Amino acid sequence: FIFLFITKFHEFLASARPRASRDEADGDPEEPSGEPEQKRVKLDRDAEQKKKKMRGQNKSRPHIKPQSYEERRLCPSIVQERDTKCVYGEKCRFLHDVSEYMCSKAADLGDQCYLFSSFGWCQYGVTCRFSRAHTSPELKNLRNEELCRRSTDTVSNHLDKDLQRRLRKKQQRFPGAEAYLKTVSRGEKSTDQSHAVKQDPDRPHTEVQRQHTHTDTHTHDGADPPVKTLGPITDADIIKLRPSEKKQVDFRDKLYLAPLTTCGNLPFRRVCKRFGADITCGEMAMVTNLLQGQASEWALLKRHASEDLFGVQLEGCFPDTMTRCAELLNQNIDVDFVDINSGCPIDLVYKKGGGCGLMTRTSKFEQIVRGMNSVLDVPLTVKIRTGVQQNCNIAHKLIPEMKKWGVSLVTLHGRSREQRYTKSADWEYIDTCSKLAAPVPLFGNGDILTYEDAMKARETGVSGIMVARGALIKPWLFTEIKENRHWDISSGERLDILRDFTNYGLEHWGSDTQGVEKTRSFLLEWLSFLCRYIPVGLLERIPQKINERPPFYMGRDYMESLMASQHVDDWIHISEMLLGPVPKNFSFLPKHKANAYK
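Predicted model only: the values in this text are computed from it and were never measured.

Calculation rules
- Residues numbered from 1 in each chain as written.
- Predicted model: local features only at pLDDT ≥ 70, side-chain atom pairs only at ≥ 80, totals over all residues.
- Heavy atoms only, no water.
- Helix = DSSP H or I, 4+ residues; strand = E, 2+ residues; numbered from the N terminus.
- Buried < 20%, exposed > 50% of the residue type's maximum accessible area, 1.4 Å probe, protein only.
- Contact = heavy atoms within 4.5 Å.
- Areas by Shrake-Rupley, 256 points an atom, 1.4 Å probe, with all protein chains shown as cover.
- Pairing = 2+ DSSP bridges.
- Axes fitted to C-alpha atoms, helices over the stretch in contact; angles between N-to-C directions.
- UniProt positions renumbered as here; feature names shortened; annotations may be inferred.
- Parallel < 35°, antiparallel > 145°, perpendicular 65-115°, else oblique.
- Left-handed = near helix turned anticlockwise from the far one by under 90°.
- Nonpolar A, V, L, I, M, F, W, Y, C, P; charged D, E, K, R; others polar.
- Salt bridge = Lys/Arg side-chain N within 4 Å of Asp/Glu carboxyl O.

What follows deals with the overall build of the protein chain. What the protein chain contains, in helices and strands, is 26 helices and 10 strands. Looking at the 598 residues of the protein chain, the share that counts as buried comes to 47%. The contacts of the protein chain with a sequence gap of at least 6 include a subset with a gap of at least 24, amounting to 69%. Carbon and sulfur atoms make up 51% of the accessible area of the protein chain, which amounts to about 34,000 Å² in all.

What follows is the structure in structure tokens.
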């Protein structure tokens with residue numbers, strides 16, 4: 001028995017050693033190089049991948065830029081029919097011959113252009129995928145002058161070119177932010193000096209007092225000169241607004257569409273606004289990218305005319321960048337409130353100290369809130385989670401402090417960072433926090449998919465409800481809540497909603513090939529959520545729960561079954577019904593693994 005045990009033990013040790021390579025087996029073994037041994041490749045990768053849960057993001061998914069779907073593109077100077085020639089001349093990498101471009105251009109997708117029929121003019125000219133509707137036989141772009149006179153610009157908060165240049169060259173001034181940051185630095189210096197006195201009690205008091213006086217005098221003498229301005233001086237230039245004089249927003253008893261990354265774009269917000277959403281908010285924007293003048297980040301701040309109560313959400317982790325960005329937006333865009341993202345759970349944001357990380361950095365959090373409040377003329381709101389760890393809630397400790405800091409609204413998602421979107425939202429805890437927040441309004445968020453869920457949420461002490469995934473699964477949820485009923489919506493009505501979204505997308509992103517494919521990609525991301533909806537008429541029990549995945553089922557018609565499909569190919573088929581066939585090199589993988597249904 002002992003001999004057998006020793007034999008098995010040596011076999012176990014031998015199996016743990018790295019096997020010799022083929023070269024070593026055939027010839028003499030190589031001399032040791034002193035380098036650490038390479039890690040062995042796991043052979044059974046497929047089995048391990050099957051064991052992993054399908055959750056999180058598809059971080060390595062293929063990303064193809066929309067402009068890559070068109071091999072040869074027409075020069076913007078030709079598309080816009082400018083009188084002057086292209087400034088790049090022969091060095092221009094775009095085509096200048098319209099006939100040559102039309103030979104390589106993809107086929108039109110229809111005979112009617114939504115932009116031309118709505119506004120009387122399509123700025124994309126011959127590059128539009130519906131150009132037959134507004135192009136003459138001589139390939140000139142046509143105009144409907146009557147519609148052009150009646151139409152107005154419906155989108156605001158564009159990035160000004162001069163502002164973008166100043167941001168990129170770091171020439172933009174932030175006088176309000178700089179004044180606040182000086183007070184923060186003074187407070188930190190005085191705190192350090194008080195700590196030094198406590199550590200050295202034998203130090204003379206007169207010496208400390210002399211240093212305080214010297215520091216104050218130096219700061220006063222070395223202050224920056226006042227900012228040069230043009231025009232008459234108003235009270236706002238001299239006297240700072242009191243909190244009661246700032247713009248007031250009545251948030252109570254309203255339905256709030258949550259700021260949704262990727263899917264919460266302007267066309268989707270227009271759809272939700274049509275179904276009864278009261279408050280809308282732009283997608284999360286990184287303050288560092290905004291301060292650098294990145295056009296793609298500033299596009300997240302755009303506002304449609306139908307959004308009567310609109311705010312933007314900012315993400316950052318330092319008082320200086322957050323305060324400067326708040327002052328920048330206060331001067332250059334039109335919003336009703338600014339929201340701080342203190343609930344984002346993704347690692348990229350959390351590890352830098354932003355998102356949920358702010359909840360554990362209360363001193364920095366306070367400096368951010370007070371600094372942004374000092375430079376904003378609109379209310380400042382905060383979105384948080386219950387905490388970071390699953391069984392360690394800290395929101396009830398933060399909310400009383402945020403009341404002192406000057407927050408106008410708190411939105412609480414009833415899950416921790418570790419929970420992400422698993423398990424049910426803790427509405428009992430939200431109720432407890434709403435009582436602590438009074439008189440500051442607190443909105444609850446989590447698991448709202450039906451009007452019955454909304455009624456239960458309103459039985460708590462919350463001032464309003466924020467809807468996130470529920471709006472992605474069924475954007476008509478706002479109508480159901482306001483009318484207190486279940487809407488057994490037909491597949492034809494749902495297809496009309498998708499058609500409206502594509503029209504809004506063509507208006508927002510463009511009707512050329514680049515705009516069409518960008519609209520398609522956002523439509524497919526949204527369809528990955530829409531397929532979770534089960535028609536009310538097919539439910540065995542009412543209502544449907546948000547964390548319950550629908551089983552495979554047959555709808556009442558072909559379109560209803562197609563919309564319930566959990567396969568990407570069927571989502572692409574739906575997009576082809578609205579936006580024509582996909583390009584040859586087209587590929588799509590959903591952003592979240594949970595939506596891939598592999």
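What follows is about the sheet that holds strand β7 (residues 380-385). Pairing is parallel in the open sheet, where eight strands are placed in the order β2-β10-β9-β8-β7-β6-β5-β3. The open sheet has two edge strands, β2 (255-257) and β3 (280-286), and neither has a second partner. The mean inter-strand angle of the sheet, taken between neighbouring strand axes irrespective of direction, is 25 degrees. Relative to strand β5 (residues 310-315), β3 runs parallel, the two being bridged by five bridges. Opposite Met286, over in β5, you have Glu315 as the bridge partner. Together, β2, β3 and β5 form the strand contacts of helix α12 (residues 266-274), whose direction differs from that of β3 by roughly 160 degrees. Seen against the sheet, helix α17 (residues 362-375) touches β5, β6 (337-342) and β7 and runs at an angle of roughly 170 degrees to β6.

Feature annotation in UniProt assigns "domain: C3H1-type" (unreviewed entry) to the following positions: residues 69-99 and 112-137. The straight-line gap between the two end C-alpha atoms of residues 69-99 is 20 Å; of that span, 19% is helix and 0% is strand. From the first C-alpha to the last, residues 112-137 spans 16 Å; its make-up is 23% helix and 0% strand.

Moving on, we get to the packing of α17 against helix α18 (residues 395-405). In a packed pair of helices, the relevant descriptors are the angle between the two axes and the axis-to-axis distance. As a packed pair, α17 and α18 sit with axes 10 Å apart at the nearest point and diverge in direction by 30 degrees. As far as their axial angle goes, α18 and α17 are roughly parallel. At the point where α17 passes α18, the crossing takes the right-handed sense. Along the contact surface, α17 presents Thr362, Phe365, Glu366, Val369, Arg370 and Asn373, while α18 presents Leu398, Met402, Lys404 and Trp405. Within the contact of α17 with α18, the residues separate by chemical class into five nonpolar, two polar and three charged.

Here we take up the pattern of salt bridges. Once their charged atoms are close, side chains differing in charge can pair, the charge on each being opposite to the other. All chains considered together, the criterion is met by 26 salt bridges. Between Asp336 and Arg303 there is a salt bridge whose closest N-O contact spans 2.8 Å. Of this pair, Asp336 sits in the loop between α15 (319-332) and β6 while Arg303 sits in strand β4 (residues 303-304), and the two are 33 residues apart along the sequence. Taken as a pair, Asp336 and Arg303 share a single burial class, namely buried.

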